[in-house]
Amino acid sequence: MIPAICVVGRKNSGKTMLIERLLPELLARGRKVATIKHDAHDFEIDLPGKDTWRHRQAGSTTTIISSSSKLAMVRLTDGDSPLDDLLRMVDRSYDLVLIEGLRRSACPKILVHRPEVGDPPGVLGDIWAVVGTQMPDIDGNPPCIRPENVGALADLIEERLLGGPVQTPAWNLPALLAEAGRHHGHICPGQVLGVRMAILGCERLGIYDPKSSKRLITFVETDRCGTDAVQTVTGCTLGKRTLKFVDYGKLAATFLDMDTGRAVRIAARESARDAALRFAPDEADAHAAQLRAYKALPADDLFSVREVRATLAEAELPGRSRARVVCTACGEGVSNGRELSVAGRTVCRACAGVPYYDEVEAAVGVQEHQDGTL
Ligand SMILES: [Zn+2]
Ligand SMILES: [Zn+2]
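Scoring rules and cut-offs
Each chain carries its own residue numbering, running from 1 in the written order of its sequence. Each chain is given a letter, starting from A, and each ligand a number, starting from 1, according to the order in which they appear as written. Where totals are concerned, whole chains, interfaces and linings use all residues; where local detail is concerned, this predicted model gives features only for residues with pLDDT of at least 70, and gives and counts side-chain atom pairs only at 80 or more. Each side-chain value is derived from all of the structure's non-hydrogen atoms; neither hydrogens nor water enter the calculation. Coordination partners: N, O, S within 2.8 Å of the metal, 3.2 Å for Na, K and Ca; water not considered, so apparent gaps in a site are possible. Exposure classes here rest on a 1.4 Å probe applied to the protein chains alone. A residue is buried below 20% of its type maximum, exposed above 50%, and partly exposed in between. When a carboxyl oxygen of Asp or Glu lies within 4 Å of a side-chain nitrogen of Lys or Arg, that pair is called a salt bridge. Note on conventions: DSSP H or I runs of at least 4 residues are helices, E runs of at least 2 residues are strands, and numbering of each starts at the N terminus. Angular criteria define each label, namely tetrahedral for four donors with all angles between 85 and 135 degrees, square planar for four and octahedral for six donors with opposite donors over 155 degrees apart and remaining angles between 65 and 115, and irregular for whatever fails these tests. Here a Phe, Tyr or Trp ring, Trp counted by its six-membered ring, pairs with any other such ring whose centre lies within 6.5 Å, and the pair is stacked when the planes are under 30 degrees apart, edge-to-face when over 60, and tilted otherwise. Lysine NZ or arginine CZ positioned within 6 Å of the ring centre and within 35 degrees of the ring normal marks a charge as sitting over the ring. The criterion used for residue contact is that any of the two residues' heavy atoms lie within 4.5 Å.

Turning our attention to the coordination of the zinc ion (ligand 1). Bound to the zinc ion (ligand 1) are the protein donor atoms His 184 (NE2), His 186 (NE2), Cys 188 (SG) and Cys 225 (SG), situated 2.1 to 2.4 Å from the metal. In primary-sequence terms, the residues that donate to the zinc ion (ligand 1) follow H-x1-H-x1-C-x36-C. You can call His 184 buried: its relative accessible area is 18%. According to the relative accessible area criterion, His 186 is partly exposed, its value standing at 41%.

Counting across every chain of the model gives 14 salt bridges. Of the charged contacts, one joins Asp 85 and Arg 88 as a salt bridge, the two residues approaching to 3.1 Å between their closest N and O atoms. You can see Asp 85 and its partner Arg 88 sitting in helix α3 (residues 83-88), 3 residues apart, about one turn around the helix. Note on Asp 85: relative accessible area 36%, which makes it partly exposed. For Arg 88, a relative accessible area of 56% puts it in the exposed group. Arg 292 is the partner of Asp 282 in a salt bridge, and the nearest nitrogen-oxygen pair spans 3.4 Å. Remark: Arg 292 occurs in helix α10 (residues 286-296) and Asp 282 occurs in the loop between α9 (272-279) and α10; sequence separation between them is 10 residues. Residue classification places Asp 282 among the exposed residues on the basis of a relative accessible area of 59%.

Glancing now at the coordination of the zinc ion (ligand 2). Protein coordination at the zinc ion (ligand 2) comes from Cys 327 (SG), Cys 330 (SG), Cys 348 (SG) and Cys 351 (SG), with a distance range of 2.2 to 2.3 Å. Coordination geometry of the zinc ion (ligand 2): the 4 donor atoms subtend angles of 99 to 117 degrees at the metal centre, consistent with an arrangement described as tetrahedral. On the primary sequence, the residues serving as donors to the zinc ion (ligand 2) are separated as C-x2-C-x17-C-x2-C. In this pair, Cys 327 is assigned in the loop between β14 (324-326) and β15 (333-335) and Cys 348 in the segment after β17 (345-347), connecting sequence segments 21 residues apart. Pair check on accessibility: Cys 327 and Cys 348 agree, each one buried.

Tallying each qualifying case throughout the model produces 2 aromatic pairs. Between the aromatic rings of Tyr 356 and Tyr 357, the centroid separation amounts to 4.9 Å while the plane-to-plane angle is 85 degrees, which identifies the pairing as edge-to-face. A residue is classified by how much of its surface remains accessible, and Tyr 357, at 35% relative accessible area, is partly exposed. Positioned above the aromatic ring of Tyr 94 is the side chain of Lys 32, whose terminal nitrogen or guanidinium carbon lies 4.5 Å from the ring centre. The ring centre of Trp 128 lies 4.1 Å from the NZ or CZ of Arg 160, which sits over that ring.

Moving on to the environment of Lys 32. Tracing the backbone through its elements, the reader meets Lys 32 in the loop between α1 (15-28) and β2 (33-37). Looking at Lys 32, the relative accessible area reads 36%, which means it is partly exposed. Taking the C-alpha atoms as reference, Lys 32 lies 14 Å from Ile 99; in sequence the two are 67 residues apart. Leave out the neighbours within four places in its chain, and Lys 32 touches Ser 93, Tyr 94, Asp 95 and Leu 96.

Below, the structure written as structure tokens:
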């Protein structure tokens, strides 16, 4: 059976809010977590008039509604379902089930306590932690954790229920640097920063297998050295549409997890250069000092990290190329909606008058736009 823990407490004590905070923390640690909500009252999920409601009115005792992105089942029951039955409905790929309610179950409990809403309810069983600012009068001596400190709560759950933290494959910095050097042509400070930036981005998203998981999109902000290293670590490339180049001229990148929608932007700190000189004052030149220092300095000294929102338009997603048209002026194919409409004609960007190159010799069939007309 999948390990499970119940978040219990009085109504309005903050159980749902705790789950809203704890869940992302566990996901970021690489855990796959399902949730169960126990409703002491009779919840209503079927809206009168909807098709599933009409199925039930007609006598169905189990109704399943299914689409390409989710499914739900409404089954009529005589009383509360046994916990084992509920847990069996969660597929075995999950690491943990967080349950809101079910204080009488045999699972360990996290008690959310807020004195303003009253003393804790009775019959709680094995309380592993109290979440709140004040310890209630209960049996045992569980740790009292402040609501904002979900990290400590996740530590405790991992320790007692999941056999300790996920054993993440340690990133092999020397091996990744060697690979980056082969790809880029030389090892330079930009390679070291790029490799470490990409490792940090993946770790912050809980992605430890960026090349095989296919969850990662990386936006790079420079077309200099570091970008090659980011590609080496992440496996993101322009051709797979998993690497997006935004020309800001900054050694910075945003890592977007397509599964969760979470994104982190990581930028090299301007102070990293001075930090490198301080770290290795004996080196002959700045280049040598940076090479050594960037491998060894703590990530905090090298980078700033911010959670950001980054979205991708449908037309920018990886996968097969979508619409393809033919330029009515030059006859070349144009993919991904990059064509323009000029005076009612579909033309490529070059023919629309914004080429990045100048023709040296007029090619057959394109004389017409030598004089600026289409
Ligand atoms: Zn370089
Ligand atoms: Zn054209």
